[in-house]
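Close look at the chain arrangement
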Amino acid sequence: MNSLPRFAVVWLAAIGSVCAAGEPPLKLTHAFIVVKTGAKERTALEKAGFRIAPTVNRHDGQGTTSITVEMLNGFLELTYPDPTVPVSPALQAGAEKFRLRSQWRENGYCPISIVFDRTPTTPEKLPFPTWKITADWMDKGTFIEMMTPKEMPKALSLSISSQVHSTYEEENEALARDPVKGAMFLHPNGARRLTGMSVVAPGKDVLPPAASYIAGLGLMKFDVGKQWLLEVTLDNA
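Here goes a summary of the coordinates provided. (Residues numbered from 1 in each chain as written. Predicted model: local features only at pLDDT ≥ 70, side-chain atom pairs only at ≥ 80, totals over all residues. Heavy atoms only, no water.)

**What about the overall build of the protein?**
As a reminder, the rule being used: Secondary structure counts use DSSP, requiring at least four H or I residues in a row for a helix and at least two E residues in a row for a strand, with both numbered from the N terminus. When we talk radius of gyration, it's over C-alpha atoms, and the globule rule is simply 2.2 Å times the number of residues to the 0.38. Under the scheme applied here, a residue whose accessible area is under 20% of the maximum for its type counts as buried, over 50% as exposed, and between as partly exposed, the area being computed with a 1.4 Å probe on protein chains only. Here the accessible surface of atoms and residues is derived via Shrake-Rupley with a 1.4 Å probe, and residues count as covered only by protein chains that are part of the display. Neither His nor the chain ends is counted toward charge; the positive residues are Lys and Arg and the negative residues Asp and Glu. The location of each charge is read from NZ of Lys, CZ of Arg, CG of Asp or CD of Glu.
Along the backbone of the protein there are six helices and twelve strands. Computed over its C-alpha atoms, the radius of gyration of the protein comes to 18 Å, within 12% of the 18 Å expected for a compact globule of 237 residues. Projected onto its principal axes, the C-alpha positions of the protein cover 50 × 40 × 40 Å. Taken across its 237 residues, the protein has 47% of its residues classed as buried. For the protein, the computed accessible surface area is about 12,600 Å², with 56% contributed by carbon and sulfur atoms. When the 25 positive and 24 negative side-chain charges of the protein are each reduced to one mean point, those points stand 5 Å apart.

**Quick look at the environment of proline 188**
Our working rule: Should any heavy atoms of two residues lie within 4.5 Å, those residues are considered in contact.
Here proline 188 is to be found in the loop between helix H5 (169-176) and strand E10 (194-201). Residue classification places proline 188 among the exposed positions, given a relative accessible area of 60%. Through-space distance from the C-alpha of proline 188 to that of alanine 155 is 34 Å; in sequence the pair is 33 residues apart. Those residues within four positions of proline 188 in sequence are excluded, and the remaining contacts are Gly49 and Arg51.

**Quick look at the packing of aromatic side chains**
We count it as follows: Aromatic pairs are defined between Phe, Tyr and Trp rings, using the six-membered ring for Trp, whenever the two ring centres lie within 6.5 Å; interplanar angles under 30 degrees are classed as stacked, those over 60 as edge-to-face, and all others as tilted.
Going through the model one piece at a time under the given rule, you end up with two aromatic pairs. Each ring, one from phenylalanine 32 and one from phenylalanine 98, has its centre 6.5 Å from the other, and the planes form 25°; the classification is stacked. Here phenylalanine 32 is found in strand E2 (residues 26-34), whereas its partner phenylalanine 98 is found in helix H3 (residues 92-102), with 66 residues between them in sequence. Both residues of the pair, phenylalanine 32 and phenylalanine 98, count as buried. Where phenylalanine 128 meets tyrosine 213, the ring centres are 5.4 Å apart and the plane angle is 75°; that geometry is what we call edge-to-face.

**Observations concerning the side chain of aspartate 117**
Our working definition: A carboxyl oxygen of Asp or Glu within 4 Å of a side-chain nitrogen of Lys or Arg is what we treat as a salt bridge.
Relative to the helices and strands, aspartate 117 is located in strand E6 (residues 112-118). No salt bridge forms around the buried aspartate 117; measuring N to O, its nearest opposite-charge neighbour lysine 27 is 5.8 Å away. Residue contacts for aspartate 117: discarding those within four places in its chain leaves Pro25, Leu26, Lys27, Thr29, Ile160, Ser161, Gln163, Val164, His165, Ser166 and Thr167.

**Looking at helix H6 (residues 210-217)**
H6 sits mainly inside the fold: six of its eight residues count as buried. Taken together, the buried positions of H6 are Ala210, Ala211, Ser212, Tyr213, Ile214 and Leu217. Following H6 by one or two positions, glycine 218 has its phi on the positive side, about 80°.

**Focus: the pattern of salt bridges**
In total, this model carries seven salt bridges according to the counting rule given. Here glutamate 46 makes a salt bridge to arginine 42, at a shortest N to O gap of 3.1 Å. With glutamate 46 and arginine 42 both in helix H2 (residues 42-47) and four residues apart, this pair spans about one turn of that helix. Classification of arginine 42 as partly exposed rests on a relative accessible area of 30%. The residue glutamate 96 makes a salt bridge to arginine 99 at a minimum N-O spacing of 2.5 Å.

**Quick look at the pairing of E10**
Keep this limit in mind: A pair of strands is labelled paired if DSSP reports no fewer than 2 bridges between them.
Of all eight residues making up E10, seven are buried, and the element is well covered by its neighbours. Here E10 pairs with strand E12 (residues 229-234) via six bridges, running antiparallel. Opposite leucine 194, over in E12, you have leucine 234 as the bridge partner. In terms of strand pairing, E10 meets strand E11 (residues 221-224) through four bridges, oriented parallel. Across the sheet, serine 198 pairs through a bridge with lysine 221, a residue of E11.

Here it is in structure tokens:
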């Protein structure tokens with residue numbers, strides 16, 4: 001596989017100074033894959049030794065539903081179009097994109113989304129254009145900041161969460177000790193934490209400019225290969 005070209009020297013220098021000072025400007029927290037209605041792929045996760053969290057998440061206004069595999073410091077998610085979930089007029093195009101992404105095997109759309117949290121060092125303005133999405137299911141006044149341009153509908157989705165913290169690790173560690181509520185964190189395969197991710201894309205043209213920024217931060221890797229692939233590292237294994 002051919003590695004994504006390295007970030008421009010000037011950006012690397014700026015990133016290096018920020019990371020040297022402490023926390024990087026983004027924190028990798030979760031990823032989701034868009035699948036067809038019903039998320040039959042959950043069976044593959046269960047066979048691999050993961051427990052599916054009991055809560056089913058309806059995204060009102062967006063027309064999707066999701067199920068999650070919860071880790072102490074993040075989560076993995078299967079998101080799918082759900083005809084029982086309403087779609088707001090402002091998000092008709094977005095709902096259609098989720099439908100197209102669920103058919104990625106037939107149309108070449110990317111089914112993978114990588115989501116980051118802000119940190120105390122996140123700049124007010126990132127060094128590339130972004131745009132915002134809000135929906136009924138989000139807390140009032142919040143938004144998802146999209147780092148993948150609208151002009152790249154088939155590309156890998158990179159975004160910043162609408163929540164201040166997508167995951168509260170200390171709270172999850174305490175919850176995991178509860179014999180009932182903590183069961184969703186106790187996967188039979190022993191996995192407890194997300195410690196890395198990498199994405200393989202079928203071409204450089206479907207990796208957004210933000211991928212170079214994120215790779216330069218050392219948060220994850222991007223490569224080019226035959227087809228879309230999300231690789232997840234658990235517990236530094």
